[in-house]
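Structural characterization, general
Spelled out from the first residue to the last, the chains are:
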Amino acid sequence: MPRLDISTICNRIAVQAPYFAFDELEGLPNGAIRGVFASEQSVGYERTPVASAEVGRHLAILGSCAAVAENAAERIYYLATKARFSALDCINAREGLRTLEATAEVLSHDRRSLTAQAIVSDGKPFAHLRCEYQAIPERLFMRMFQDYRNDEGTPPVEDSPYRKPIPLEFAEPRGLSLAARSGSLTPARCAGHFPGYPAWPVAIIAETVAQVVSRLLHHIVGKEVDYSVVRTDIAALKLIPASVPLTFVAECLSASRTLSHYVFSARVLRGDEIVAVLDTELRP
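Residues numbered from 1 in each chain as written. Predicted model: local features only at pLDDT ≥ 70, side-chain atom pairs only at ≥ 80, totals over all residues. Heavy atoms only, no water.

Once that is clear, we can look at the packing of aromatic side chains. Geometrically, a pair of aromatic rings is defined through the distance of the ring centres and the angle of the planes. One pass over the structure, following the stated rule, counts 11 aromatic pairs. Three or more aromatic residues joined by ring pairs make a cluster, and in this case those are Y77, F141, F145, Y148, F194 and Y197. Here the basic side chain of R215 rests over the ring of F170, its NZ or CZ set 3.7 Å away from the ring centre. (Phe/Tyr/Trp six-rings, centres within 6.5 Å; stacked < 30°, edge-to-face > 60°. Lys NZ or Arg CZ within 6 Å of the ring centre and 35° of its normal.)

Structural data, given as structure tokens:
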């Protein structure tokens, strides 16, 4: 199958390295696309080859790549608005960087929206992502988000900023809930994500929520435990400027030691405004 030119694809979807991290892209029959990437984030307490939030990042990007692989159209900004991550199989984590393979296909695509699905494999498929996007042509995006514009450019990035989690200031747990607050992000901290318009990537919001949920789980269980992510649903309501600090509030909706099954819901807030909602099921 034909190799695809990564620089061309990145230009079409307005995403660059290091946020874009595929080493190769290949066209497949029926418009599908295959990509290879190396995991870079710590899995933390997740029992998985690659953290679920990082899986979401790569598979969501690959879905947008599938939308433009055969179209030499104008640059389109694909804003992920809804996504569901589902675990397909249990595969144990290993140390160090891992080379993984992902495949994506378009389910529906028109001038304003995109729906795609993708799987990631480590010898065999272990996770699936279904993602819905708002498709915004470049001229419209520039008008909609002109206040986000940063003409200073992003300083050269020697190492991917996505290797490290966002620092958080945690409050004390209150019953079955826990809140944490972030600082603002520098443009370098979200490098490659819509260059020139520094904003919170949805995948980084999801990874930060995972930090809060993990700590809350440990508080409820009474000790640090590993866990598997069964399912995660995320709704991103707005694109948030990187300069805006966010508050992350997680609540446990269901806790069963007998079934080893926990359900959490998290809200991401800019002041009092909810900008994203995430629900997840964990199995310690």
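Further notes follow.
The strands that make up a sheet pair up through hydrogen bonds in the backbone, lying either parallel or antiparallel. Strands sit in the order 1-2-4-5-6-3-9-12-11-10-8-7 across an open sheet of 12 strands; the sheet is antiparallel. Strands with a single pairing partner mark the edges of an open sheet, and in this sheet they are strand 1 (22-27) and strand 7 (168-170). On average, each strand axis in the sheet is inclined to that of its neighbour by 25°, with strand direction left out of account. Where strand 5 (residues 113-121) meets strand 6 (residues 125-137), nine bridges bridge the pair, whose relative direction is antiparallel. Bridging across to strand 6, V120 finds its partner in A127. Running at roughly 50° to strand 10 (residues 247-256), helix 4 (residues 202-221) makes contact with strand 3 (76-87), strand 7, strand 8 (177-182), strand 9 (228-236), strand 10, strand 11 (261-270) and strand 12 (273-283) of the sheet. (Pairing = 2+ DSSP bridges. Helix = DSSP H or I, 4+ residues; strand = E, 2+ residues; numbered from the N terminus. Axes fitted to C-alpha atoms, helices over the stretch in contact; angles between N-to-C directions. Contact = heavy atoms within 4.5 Å.)

A few words on the environment of S86. Structurally, the position occupied by S86 is in strand 3. Note: C-alpha distance between S86 and H128 (42 residues apart in sequence) is 5.2 Å.

For the rest of this paragraph, the subject is the pairing of strand 1. Of the strand pairs in this sheet, strand 1 and strand 2 (residues 33-38) are connected by five bridges, and their pairing is antiparallel. Its bridge partner being in strand 2, L25 is matched across the sheet by G35. What sits between the antiparallel neighbours strand 1 and strand 2 is a turn of five residues, in which N30 has the positive phi angle 60°.

Attention shifts here to unusual backbone geometry. Each neighbour pair has its own omega, and for A17 with P18 the value is 5°, a cis peptide bond. Counting through the fold element by element, P18 comes out in the loop between helix 1 (6-13) and strand 1. Although it is not a glycine, F194 adopts a positive phi angle of roughly 50°. One can find F194 in the loop between strand 8 and helix 4. F194 sits in the buried class, given a relative accessible area of 4%. Its identity as a non-glycine residue notwithstanding, S260 has a phi of 50°, on the positive side. (Buried < 20%, exposed > 50% of the residue type's maximum accessible area, 1.4 Å probe, protein only.)

Before going further, it helps to spend a moment on helix 2 (residues 52-68). Taking 1.5 Å of rise per residue, the 17 residues of helix 2 would be expected to cover 24 Å, and the 25 Å separating its terminal C-alpha atoms lies within 8% of that figure. The buried fraction of helix 2 is high, at 17 of 17 residues. (Expected span 1.5 Å × (residues − 1).)

In this section: the pattern of salt bridges. Under the defined criterion, the tally for this structure stands at 13 salt bridges. Among the ionic pairs, R75 bridges to E138, the shortest N-O distance being 3.3 Å. Residue R75 is located in the loop between helix 2 and strand 3, and its partner E138 is located in helix 3 (residues 138-144); the two are separated by 63 residues in the primary sequence. When the shortest N-O distance is used, the salt bridge between D233 and R84 registers 2.6 Å. You can see D233 sitting in strand 9 and its partner R84 sitting in strand 3, a full 149 residues away along the chain. The network of salt bridges with shared partners includes R3, E24, E26, R34 and E101. (Salt bridge = Lys/Arg side-chain N within 4 Å of Asp/Glu carboxyl O.)

Our next topic: the side chain of H193. Looking at the secondary structure, you find H193 in the loop between strand 8 and helix 4. By relative accessible area, H193 is classed as buried at 7%. For H193, the contacting residues outside a window of four places in its chain are Y19, Y162, A199, W200, P201 and L239.

We now examine the side chain of S121. Looking at the element boundaries, S121 is found in strand 5. Assessed through its relative accessible area of 17%, S121 is described here as buried. Sequence-distant contacts of S121, defined by excluding residues within four places in its chain, comprise L100, E101 and F126.

For the rest of this paragraph, the subject is helix 4. With 20 residues, helix 4 ought to run about 28 Å at 1.5 Å a step, and its terminal C-alpha atoms sit 28 Å apart, in line with that. The buried fraction of helix 4 amounts to 15 of the 20 residues, a majority that puts the element mostly inside the structure. Count one or two residues on from helix 4 and you reach G222, which has phi positive near 90°.

Within the element layout of this structure, L25 appears in strand 1. A C-alpha to C-alpha distance of 12 Å links L25 and V68, two positions 43 residues apart in sequence. Residues contacting L25, with those up to four places away along its chain left out, are P2, R3, L4, I6, I9, F20, I33, R34, G35, L62 and C65.

Function cannot be inferred from these measures alone, as they are strictly geometric.
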